[in-house]
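# A structural walkthrough
Below are the chains, spelled out letter by letter.
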Amino acid sequence: MSTARDVLNGVDRERSIRFPVEKIRQDFPLLANAVHGKPLAYLDNAATSQKPLAVIEAEELFYRRDCSNIHRGVHELSERATRWYEDARTKVQQFLNARESREIIFVRGTTEAINLVASTFGRKQVGAGDEVLITAMEHHSNIVPWQILCEEKGARLRVAPINDRGEIVFEEYERLLSPRTRLAALVHVSNVLGTINPVREMVEAAHRRNVPVLLDGAQAAPHLKVDVQALDCEFYAFSGHKLYGPTGVGVLYGKAGLLDAMPPYQGGGDMIRSVTFEKTIYNTLPYKFEAGTPNIAGAIGLGAAVDYVNGIGLDNIAAYEGELLAYGTRVVGGISGVRIIGTAREKAGVISFVIEGIHPHDVGTVLDQEGIAVRTGHHCAQPLMERFKIPAATRASLAFYNTTREIDVLAAGIRKAKELLG
Ligand code: PLP
């Protein structure tokens, strides 16, 4: 069996040395744990990533020292909590290169961000006979909200096809942007295939036809530099928990002019300027979309996660993860009977595969006994499974704290699964 050292050439090895993965791993306490008596190899990062101490400690410090509600109290704790929460918003604004911090709405995650747009902007924009365009590689959370909207409005959901490598068929995508298209909702990076879509070009093509675009960045924000001004998308959504931050917090970016014109998503405290029984005047952005007490600790943790990721640098992260992906693709793809699903030319660190004659759930169970955490199933993308004519797949998804050693462990686990189940 070849190992990392055998496969990596001189240049790659040099880069690995420059990327201090072992030092970085020490920032993630969970990674040192054993599972079933084996060292943990955590390769389920597309589902959720592990948290660095900086994030854990920021949340803890908030609860130990500054816990209070925001935007309401005049007392010291409330002011500190408000400052911390709003600082996190500014960090996210800079992280996405948004023009203004009021364009950053804290939500529960990508799913809520998309639902917010569907039930406010979507409800206003889409009418009977109109169309919403998505792609064949969407996560359920970028399918179902649009289906609900289309059903309610008598509109039609159109789906841009992909090729066998898992890449968008661009001409078909362009063709499907019709005079009836009211919105294109597109995944930036596929959670199953790893495909990095040419979203800049896709946004441009949509704008040529005056179609606004929402990008689902759940799998992009943790792995590549996102610049919403350069992308020029109308909306961008991502989840904190996949970006090494806490669960239950995420972000919707929207262009200020659009957000301003949109009706509110939920009614309640904080989203109002004044209320009488006759009439409510809504608050300004971003508060208009943040009804009720938000996940304050979560937003603070997300701010710490953004700082942490910036400290390593997304360019360094993308380069190192690219190395890991190339290595993993060679090692896993080289095992007889293994077929990799998703072979796009532009790919992020996702290796989904099927093994001839063995159900992915059984593979996952054997790997689990070896201390390897992978995902098995349809990955919340059932239409994509159908497109590839498979019921399910096993997915190893990478983060910058993974190592070639863990990929070797995965490959050994796959061989063992084949021996036991094949
Ligand atoms: N979109 C994509 C591409 C995803 O991979 C996921 C989660 O795996 C989501 C949306 C939904 O994210 P969340 O469950 O954090 O809302």
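As a reminder, the structure under discussion sits directly above these lines.
Notes on the structure in this doc start here. Going along each chain's sequence as written, the residues are numbered from 1 onward. In keeping with the model being predicted, local features are shown solely for residues with a pLDDT of at least 70 and side-chain atom pairs are shown and tallied solely at 80 or more, while totals for entire chains, interfaces and linings include all residues. Values shown for side chains rest on all heavy atoms present in the structure; no hydrogens or waters enter the calculation.

It is worth spelling out the overall build of the protein chain at this point. Numbering of helices and strands runs from the N terminus; a helix is a DSSP stretch of H or I covering at least four residues, while a strand is a stretch of E covering at least two. Scanning the protein chain from N- to C-terminus turns up 16 helices and 17 strands. Each of the three principal axes of the protein chain carries a C-alpha extent, and together these read 75 × 55 × 35 Å. Categorising residues by exposure relies on relative accessible area from a 1.4 Å probe, with only protein chains included: less than 20% of the type maximum marks a residue as buried, more than 50% marks it as exposed, and the intermediate range marks it as partly exposed. Buried positions account for 55% of the 422 residues belonging to the protein chain. Working definition of accessibility: Shrake-Rupley area with a 1.4 Å probe, residue cover restricted to the visible protein chains. Summing over all exposed atoms, the protein chain offers an accessible surface of approximately 17700 Å²; the carbon and sulfur share of this is 51%. The averaged location of the 50 negative side-chain charges in the protein chain is 2 Å from the averaged location of its 48 positive side-chain charges. Under the convention used here, Asp and Glu are negative, Lys and Arg are positive, and both His and the chain ends fall outside the count. Think of each charge as sitting on NZ of Lys, CZ of Arg, CG of Asp or CD of Glu.

Looking now at the sheet that holds strand E16 (residues 375-377). Strand pairing is assigned whenever DSSP detects at least two bridges linking the two strands. With antiparallel pairing, 4 strands are arranged side by side in an open sheet as E13-E14-E17-E16. Two strands bound the open sheet, and with one partner strand each, they are strand E13 (338-341) and E16. Each strand axis lies, on average, 30° off the axis of its neighbour in the sheet, ignoring direction. Bridging between strand E14 (residues 350-355) and strand E17 (residues 393-397) involves 4 bridges; their strand directions are antiparallel. The residue bridging Ser 352 from the neighbouring strand is Arg 395, located in E17. Whenever a helix is involved, its axis is fitted only over the stretch in contact; in every case the axis is a line through C-alpha atoms, and angles between N-to-C directions fall within 0 to 180 degrees.

Structurally, Thr 403 can be placed in the loop between E17 and helix H16 (404-421). Filtering out sequence-adjacent residues up to four positions away, Thr 403 remains in contact with Val 21, Glu 22, Arg 25, Tyr 320 and Leu 324. The contact criterion used is simple: two residues touch if any of their non-hydrogen atoms lie within 4.5 Å.

Moving on, we get to helix H9 (residues 199-208). Every buried residue belonging to H9 is among Val 199, Met 202, Val 203, Ala 205 and Ala 206, and all of these are buried. On an axial view of H9, the arc spanned by its buried residues comes to 160°, and they lie on one face. Regarding the arc, it is the one traced by the directions from the helix axis to the C-beta atoms.

This part is about the sheet that holds strand E5 (residues 131-135). Spatially, E4-E10-E9-E8-E7-E5-E6 is the arrangement adopted by the 7 strands of the open sheet, whose pairing is mixed. One side of each edge strand has no neighbouring strand; the edge strands of this open sheet are strand E4 (104-107) and strand E6 (156-160). In this sheet, adjacent strand axes meet at a mean angle of 20° when their direction is disregarded. When strand E8 (residues 213-216) meets strand E9 (residues 235-239), the two strands line up parallel, connected through 3 bridges. Bridging across to E9, Leu 214 finds its partner in Phe 235. Each of E4, strand E7 (181-187), E8, E9 and strand E10 (250-254) is contacted by helix H6 (residues 110-125), which is oriented at about 155° to E9, the strand it contacts most. Contacting E5, E7 and E8, H9 runs over the sheet at an angle of about 160° to E8.

We define a salt bridge as a contact between a side-chain nitrogen of Lys or Arg and a carboxyl oxygen of Asp or Glu at a distance within 4 Å. Within the structure shown, the criterion is met by 27 salt bridges. Close ionic contact of Lys 38 with Glu 370 constitutes a salt bridge, the shortest N to O distance being 3.5 Å. One end of the pair, Lys 38, is in strand E2 (residues 38-39); the other, Glu 370, is in the loop between helix H14 (360-369) and strand E15 (372-373), and 332 residues separate them in sequence. Of the residues examined, Lys 38 reaches a relative accessible area of 30% and is grouped as partly exposed. Owing to a relative accessible area of 19%, Glu 370 belongs among the buried residues under this scheme.

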